[in-house]
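Chain and residue survey
The residues making up each chain are set out below.
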Amino acid sequence: MNFHIYFKIILVYFLQLVELKIIEISGSNLLRKLQNDGKFLIIYVTNGCHECNLAYSKFVAASQPFDREEIRFGRIQHTGLAATLEIDTFPSLIYFKANSYQTWLVLWILCYRDLQATLEIDTFPSLIYFKANSYQVNRAKIDITVDSIIQLISDVTKRDFIYMDKHYTVEINKANFDDTLDTPRQCKLLLLYTNENKDKVEWFDDLAELFKNDEKIMFARLDVHREGELKDRFKARAFPALYWYSDDEIPRKSMYGGRFDKIEIMAFITDKTGITRQQNGALPEGAGLLKEMDELIKANKNTIASGKKMKRIVQKAKEIMEYYDDKDMQEIAEYYVYLLEEVEYHEETSVIDDERYYLIRELVDPKGPRQRELLLKKQNVVRQFFDIMGDQLLKRNSKQSPIVKAKEPRPHKHHHEKIHRHEEL
């Protein structure tokens, strides 16, 4: 193809996307985006997976306060390009600093000469960037949340974005309407507003901030004056108005008929999603505890305290674990199983006490807000073991020397690998 024709095609494609906050990145326009001197490009990589869809709203919300002339946000859905970049875990975040000849050369070879770069992307999520005047690949792994993404940009660009006016709601427009609100298996609360309702927009964003670490629910807002075409998709004619979207495979929407009251809406969200938050956004007391698992421990506390004949208990715990289809609850259920397996392997309960100290150490420097909350939930589970087993657990630990039955660590994949994978910049 003639170079000038090729250039025009890229230019037209770029102009079509210029009004979009999130640029769709392909093999044909990636280098053009990277060539813009002084621009910082952060890319969200997906492969259509459910986890990618849930986390994407956080990425969009994080992009909204930034001036797109200095920082660009893009998304790669082109699987071929993802393969070229050796991305095999999704969703992934990749960002480049493209303001040097050396960086340009590395990326040109990477994308067009199919040179295999050792990017080693194998965790969720992943961020990759190239520093100016360096061939070194830099990796950073963070939670995909609004706060974490803005913190990352601030750290890498050496700019103070930490205290900027963050958005925790997604601004809906014609370009992203279907892509955002049709996400399956994710609840959504949508605010329809006008210029006269600015106070409600601020109130709604404050509400969304309380749930900023929850992927199961998205908060979105739609300016019905600016996006007049979209107004007709709703029955509401008085504003502000709230719509609720179900977490079905094909989301169903219905108008929220309650008051615009923080406590009332938080209770509504808890009823619809099972997500519970305190009024300041913190986890509630006892977060992460699973009733069925706790009842299993209570019914077998003497056997667990002995550390013997644990096979039936572990098997029952695994059966209970299969009941949970919610990702967060399933992860905690796996942790219950993990603790019981540790007791079975070591034939003693001192491993529960060891786990308690491990969690305390990890909480000193958590790797992100979602990981911190996961650690707090696990800490509640360990405390529950102590509360249920009480004297049996403490008495055995005090009488038994840890040297007597010391064993090598179990040769299996450690449950805490998910936490260790989230490394600092």
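Scroll up for the structure.
Anyway, here's the lowdown on the structure attached to this text. Worth saying up front: this structure is predicted, and the values here are computed from it rather than measured. (Residues numbered from 1 in each chain as written. Predicted model: local features only at pLDDT ≥ 70, side-chain atom pairs only at ≥ 80, totals over all residues. Heavy atoms only, no water.)

The next subject is a negative patch on the surface. A contiguous patch of negative charge on the surface is contributed by Asp165, Asp199, Glu202, Asp206 and Glu209. Mapping Glu202 onto the fold places it in helix H8 (residues 198-210). (Patch = residues over 30% accessible without salt bridge, like charges linked within 9 Å, V, L, I, M, F, W, Y side chains within 5 Å. Areas by Shrake-Rupley, 256 points an atom, 1.4 Å probe, with all protein chains shown as cover. Salt bridge = Lys/Arg side-chain N within 4 Å of Asp/Glu carboxyl O. Lys, Arg positive; Asp, Glu negative; His and termini not counted. Charge placed at Lys NZ, Arg CZ, Asp CG, Glu CD. Helix = DSSP H or I, 4+ residues; strand = E, 2+ residues; numbered from the N terminus.)

Relative to the helices and strands, Lys188 resides in strand S8 (residues 187-193). C-alpha of Lys188 to C-alpha of Lys253: the two residues are 65 residues apart in sequence and 8.9 Å apart in space. Residues within four places of Lys188 in sequence aside, it is in contact with Thr180, Leu181, Thr183, Met218, Tyr243, Trp244, Tyr245 and Pro251. A polar contact is formed between the side chain of Lys188 and the backbone oxygen of Gln186, at a distance of 2.7 Å. (Contact = heavy atoms within 4.5 Å. Polar contact = N/O pair within 3.5 Å; in protein donor to acceptor, adjacent residues only side chain to side chain.)

Attention shifts here to unusual backbone geometry. Between Phe239 and the following residue, Pro240, the backbone shows a cis peptide bond with an omega angle of 10°. Positive phi outside glycine occurs at Arg185, with the angle close to 55°. You can see Arg185 is positioned in the loop between helix H7 (177-181) and S8. A relative accessible area of 43% means that Arg185 is categorised as partly exposed. (Buried < 20%, exposed > 50% of the residue type's maximum accessible area, 1.4 Å probe, protein only.)

Within the secondary structure, Val314 sits in helix H13 (residues 311-321). When the C-alpha atoms of Val314 and Val337 are compared, they prove to be 6.4 Å apart, with 23 residues separating the residues in sequence. With residues near it in sequence (within four places) discarded, Val314 still touches Leu340, Glu341 and Glu344.

Following the criterion strictly, the structure yields 1 cavity of 30 Å³ or more and no others. Considered as a void within the structure, the largest cavity measures approximately 70 Å³ in volume. In this structure, the largest cavity is lined by Ser57, Lys58, Ala61, Val146, Tyr168, Val170, Ala208, Phe211, Lys212, Ile217, Met218 and Phe219. Residue assignment for the lining of the largest cavity shows that the elements contributing at least two residues are helix H3 (50-63) and strand S9 (217-223). Of the residues that constitute the lining of the largest cavity, the class distribution is 9 nonpolar, 1 polar and 2 charged. (1 Å grid on protein atoms, 1.4 Å probe; cavity = no way out; pocket = protein on both sides within 12 Å on 5 of 7 lines; lining within 4 Å. Points joined across faces, edges and corners; volume = space filled by probe spheres on them. Nonpolar A, V, L, I, M, F, W, Y, C, P; charged D, E, K, R; others polar.)

Take the environment of Leu363 next. The topology assignment puts Leu363 in helix H15 (residues 350-364). Residues Leu363 and Gln379, 16 residues apart in the sequence, show an inter-C-alpha distance of 9.6 Å. Sequence-distant contacts of Leu363, defined by excluding residues within four places in its chain, comprise Arg372, Leu375, Leu376 and Gln379.

Under the definition given, this model contains 13 aromatic pairs. Aromatic side chains Tyr256 and Phe268 sit 5.0 Å apart centroid to centroid with 65° between the ring planes, which places their arrangement in the edge-to-face category. Separated by 12 residues along the polypeptide, Tyr256 in the loop between strand S11 (253-255) and helix H10 (262-273) and Phe268 in helix H10 bring together distant segments of the chain. Members of the aromatic cluster, each reached through a chain of ring pairs, are Tyr56, Phe59, Phe66, Phe73 and Phe161. Here Arg356 stacks its cationic end above the ring of Tyr357, 4.8 Å away from the centre of that ring. Stacked on the ring of Phe386, the Lys or Arg Arg356 has its end atom at 5.3 Å from the ring centre. (Phe/Tyr/Trp six-rings, centres within 6.5 Å; stacked < 30°, edge-to-face > 60°. Lys NZ or Arg CZ within 6 Å of the ring centre and 35° of its normal.)

Further remarks concern the pattern of salt bridges. Counted according to the given criterion, the structure contains 19 salt bridges. For the salt bridge of Asp147 with Lys212, the shortest nitrogen-to-oxygen distance reads 2.7 Å. Here Asp147, found in helix H6 (residues 146-157), pairs with Lys212, found in the loop between H8 and S9; they are 65 residues apart in sequence, far enough to count as distant. Note on Lys212: relative accessible area 23%, which makes it partly exposed. Linking Asp326 and Lys216 is a salt bridge whose minimum nitrogen-to-oxygen distance equals 2.8 Å.

This next bit is on the pairing of strand S10 (residues 241-245). Along a regular strand, successive side chains alternate from one face of the sheet to the other. Among the 5 residues that make up S10, 5 are buried, leaving the element largely enclosed by the rest of the structure. Where burial is concerned, the two faces of S10 agree: the one with Ala241, Tyr243 and Tyr245 and the one with Leu242 and Trp244 are both buried. Bridge count between S8 and S10: 5 bridges; the pairing is antiparallel. Each residue of the ladder has a partner; that of Lys188, found in S10, is Tyr245. When S10 meets S11, the two strands line up antiparallel, connected through 3 bridges. The partner of Tyr243 across the bridge, within S11, is Met255. (Pairing = 2+ DSSP bridges.)

Further remarks concern the nonpolar core. In this structure, Ile149 and Leu190 are the most contacted members of the largest nonpolar core, which totals 62 residues. When residues in this core are grouped by element, the largest group, 7 residues, is from H3. Shared between two domains, this core takes at least three residues from each, and those domains are domain 1 (2-114 + 122-157) and domain 2 (170-273). Among the nonpolar cores identified, the runner-up in size contains 35 residues, and Ile297, Leu339, Leu359 and Ile388 belong to it. (Core = buried A, V, L, I, M, F, W, Y, C linked by side-chain atoms within 4.5 Å. Domains from an automatic or database assignment.)

Read from one edge of the open sheet, 5 strands run S7-S9-S8-S10-S11, paired in mixed fashion. Because the sheet does not close on itself, it has two edges, and the strands there are strand S7 (170-171) and S11.

For S8, the buried fraction is high: 7 of the 7 residues fall into the buried class. Residues Cys187, Leu189, Leu191 and Tyr193 of S8 are buried on one face, and the alternating residues Lys188, Leu190 and Leu192, pointing to the opposite face, are buried as well. Both S8 and S9 contribute to a ladder of 7 bridges, which runs parallel. By the bridge assignment for S9, Leu190 is matched with Ala220. With H8 bridging S8 and its parallel neighbour S9, the resulting β-α-β unit is right-handed. (Right-handed = clockwise from strand over helix to strand, strands pointing away.)

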